Amino acid sequence: MRSADPATQRRILNRLKRARGQLDAVIAAVEGEGSCQQVVTQLAAVSTALDRAGFSIVSTAMQNCLADPEGTAEDEDGLTVEQLEKLFLSLA
């Protein structure tokens, strides 16, 4: 995530931290014999938060790639447009 601006990086980190908190709630519900509905609801929230973080990461890399293809290849560990597309599709 070297090419992300500080605001984007902060938003992604916030999503990931939210997902971590939700995952802790899932674990606590399972350990504490929480209801099936509670576990599944929290699990869905974790999944959504992780998906959104992943989409933000790939989207940022793609935007940078469109603006500066050569610079992005250096900044993003040599990822090509095709590789970024493949990463994006792996989240779907």
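See above for the structure.
Note that residues are indexed from 1 along each chain, following the sequence as it is written. pLDDT decides what is reported in this predicted model: residues at 70 or higher carry local features, side-chain atom pairs at 80 or more are listed and counted, and totals for whole chains, interfaces and linings draw on all residues regardless. Where side-chain values are given, they derive from all heavy atoms of the structure, hydrogens and water being excluded.

Colleague: Explain helix α1 (residues 6-31) here, please?
Modeller: Turn by turn, an α-helix covers 3.6 residues, leaving residues three or four places apart pointing in a common direction. Compared with an ideal rise of 1.5 Å per residue, which puts 26 residues at 38 Å, α1 spans 37 Å between its outermost C-alpha atoms and is within 8% of the ideal. Restricting attention to buried positions, one finds in α1 the residues Thr 8, Ile 12, Ala 19, Gln 22, Val 26 and Ala 29. Strands are runs of DSSP state E lasting at least two residues, helices are runs of H or I lasting at least four, and both sets are numbered from the N terminus onward. Two residues or fewer after α1 comes Glu 33, characterised by a positive phi angle close to 55°. Take the number of residues in a helix, subtract one, and multiply by 1.5 Å to get its expected span. Only protein chains enter the accessibility calculation, which uses a 1.4 Å probe; a residue is then buried when its area is under 20% of its type maximum, exposed when over 50%, and partly exposed in between.

Colleague: Please clarify how the side chain of Thr 60 should be interpreted in this entry.
Modeller: Mapped onto the fold, Thr 60 is located in helix α2 (residues 36-67). In this structure Thr 60 comes out as buried when scored by relative accessible area, which is 12%. Should any heavy atoms of two residues lie within 4.5 Å, those residues are counted as being in contact. In this view, Thr 60 contacts Ala 4 and Thr 8; residues no more than four positions away in its chain are not counted.

Colleague: How should the side chain of Gln 22 be read in this particular structure?
Modeller: Residue position: Gln 22 is located in helix α1. Looking at Gln 22, the relative accessible area reads 18%, which means it is buried.

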